[in-house]
Amino acid sequence: MNWDDPTDAAPDPERLVGSAADREDQAVEAALRPKDLGEFIGQEKVRVQLDLVLRAARARGATADHVLLSGAPGLGKTTLSMIIAAEMGAPIRITSGPAIQHAGDLAAILSSLQEGEVLFLDEIHRMSRPAEEMLYMAMEDFRVDVIVGKGPGATAIPLELPPFTLVGATTRAGLLPPPLRDRFGFTAHMEFYEPAELERVIHRSATLLDLEIDAEGAAEIAGRSRGTPRIANRLLRRVRDYAQVKADGHITRDIAGAALAVYEVDGRGLDRLDRAVLEALLKLFGGGPVGLSTLSVAVGEERETVEEVAEPFLVREGLLARTPRGRVATPAAWAHLGLTPPQERTGASGQQDLFGS
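Only a predicted model underlies this, so the values are computations on that prediction, with no experimental measurement involved.

Visitor: What's the story with the nonpolar core in this structure? I'm lost.
Guide: The tendency in soluble globular proteins is for nonpolar side chains to be buried as a group. With 45 residues, the main nonpolar core has Leu50, Leu80, Ile202, Ile213, Ile221 and Leu236 as its most contacted residues. Here this core takes six residues from helix H9 (residues 229-246), the largest share from any one element. Once you skip the residues sitting within four places of it in the chain, Ile221 turns out to touch Ile202, Ile213, Ala232, Leu235, Leu236, Val239 and Ala256. Listed in part, the 24 residues of the second largest apolar core include Leu106, Leu113, Ile124 and Leu180.

Right under this line is the structure:
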C-alpha cells in the first residue's frame, strides 16, 4: 500500500471518542505511559509472550527479534515499543511509514542506528514499496545496498548494519506484503480492552494526575471509552475539567455522567456522528437497507468519514450491519435510541427482519 493511499481516512481531531492522538493526547500519554511490562495494564497474552521473547534475548546477550504489533489505534502499540527498548536497555528511534517516501530515507535511518537500538516504525503498511524492499534485506541480513550513480554506471555498495530490533506497528496487518510480515520473529494482535481493564487504567491515570475518583466514576468513564485506553484517558481529562468547574473536583458516577453528557458522549460511547448515522438510518430509511452514499448524504458527511470513522464501532457494538443490499440497523439500534421498529419489518418471532424477507 502506498504511503498516501486515500483509503486511510484522516482522523477527525474534533471527535472526543476518536482513536487518533492529537498533540494534547501525545503530551499526556508521555506522562502516563507505563515504563515496563509490569506496569502495563491489559493485553495479558501479548505481555506474557513478549516477556518471554525479551527475557530470552537478554539471557543470550543478543538483540530481540523483530516485533510486529497490529490493532486499532490507541491500544498501546507505541507504549509497548518503548517498553521493549527499556526492557532491553537500548535507545529507541521513532518514525512512521508515511515519513519514508524513498529508499534513501530508510537507508539514512538504518545507517545511523547503534548496535541493539530499537527502531519503531508506526503505520508500517503505509511505507513506500522501494523502502519496503530495502527493509527485507536489512531485517534478515542486517545489510542494505546503497545505489550510487544512475543509468549503466550505477553501482551498488553494500553497507553493513549493526544488529537492531525493528518494531513495526500497523492498524491494517492484512495490507502488509507476506515477505515483510514473515520476517518478523514475533507478531501480536492488540485486542480492545474490557471495561474492568479500562477501570484500572483510569484509576492509574487519576493517581498520576492527582485526581480523586471513586470506583463508580471510573466505571462510568470506562463504559463509554470504546474499549480504548487512549479514549479513556481523554474522557477522564474532560470529566476532570467539569468536576473542577462545576463540582468540588471529586469525580463520582453522577459527575462523570453529567460531564460526558455535555460533550455528547452517551452511555455506550456513541458521539454526535454515531448517533446521526443511526438516526438517519432509522428515522429516514426505516432501518434500511440503504446504500452508503445515500446514508452519507443524509448525515452531511463524506462517504469515507461514515465508512472509516463511524461504522467500525457501530458494527462492533452490534448496532449496524453491512449487508449486500446496504446498511441495516439491528434491533439493538432501535432499542438504544428508544424507537420502535416499523410493524411491517417485524417478523413473526417479534424480531426485526434485517433482510426484509
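Visitor: Where do I start with the confidence of the model for the protein in this structure?
Guide: Low pLDDT marks regions whose predicted coordinates should not be analysed in detail. Mean pLDDT over the protein stands at 83; residues scoring 70 or higher make up 85%. Here residues 1-11 is a poorly scored stretch, pLDDT under 50, and it has 22 contacts once near neighbours within four places are set aside; other chains count. A low-confidence stretch, residues 345-357 stays under pLDDT 50, and its non-local contacts, those more than four residues away or across chains, total 23 contacts.

Visitor: Explanation requested: the sheet that holds strand S2 (residues 92-96) in the structure shown.
Guide: Hydrogen bonds between backbone atoms are what pair the strands of a sheet, whose relative direction is either parallel or antiparallel. Reading across the sheet, the five strands line up as S2-S3-S6-S1-S7 and stay open at both edges, with parallel pairing between neighbours. Among the strands making up the open sheet, the edge pair consists of S2 and strand S7 (186-189). Ignoring which end each strand starts from, the neighbouring axes of this sheet average 15 degrees apart. In terms of strand pairing, strand S1 (residues 67-70) meets strand S6 (residues 165-170) through four bridges, oriented parallel. The residue of S6 that forms the bridge with Leu68 is Gly168.

Visitor: Sorry, what's going on with the pattern of salt bridges here?
Guide: Close approach of charged atoms allows side chains of opposite charge to pair. Scanning all chains against the criterion turns up 20 salt bridges. The salt bridge partner of Glu117 is Arg93, with a shortest N-O separation of 3.2 Å. Residue Glu117 is located in the loop between helix H4 (103-111) and strand S3 (118-122), and its partner Arg93 is located in strand S2; the two are separated by 24 residues in the primary sequence. Glu117 gets classed as buried once you look at its relative accessible area, which sits at 3%.

Visitor: When you look at the side chain of Thr95 in this model, what are you seeing that I'm missing?
Guide: Summarising the element assignment, Thr95 is placed in strand S2. What Thr95 contacts, discounting residues up to four positions off in sequence, is Ile100, Ile109, Leu119, Phe120, Leu121 and Asp122.

Conventions used here
Residues numbered from 1 in each chain as written. Predicted model: local features only at pLDDT ≥ 70, side-chain atom pairs only at ≥ 80, totals over all residues. Heavy atoms only, no water. Core = buried A, V, L, I, M, F, W, Y, C linked by side-chain atoms within 4.5 Å. Buried < 20%, exposed > 50% of the residue type's maximum accessible area, 1.4 Å probe, protein only. Helix = DSSP H or I, 4+ residues; strand = E, 2+ residues; numbered from the N terminus. Contact = heavy atoms within 4.5 Å. pLDDT = per-residue confidence, 0-100. Pairing = 2+ DSSP bridges. Axes fitted to C-alpha atoms, helices over the stretch in contact; angles between N-to-C directions. Salt bridge = Lys/Arg side-chain N within 4 Å of Asp/Glu carboxyl O.

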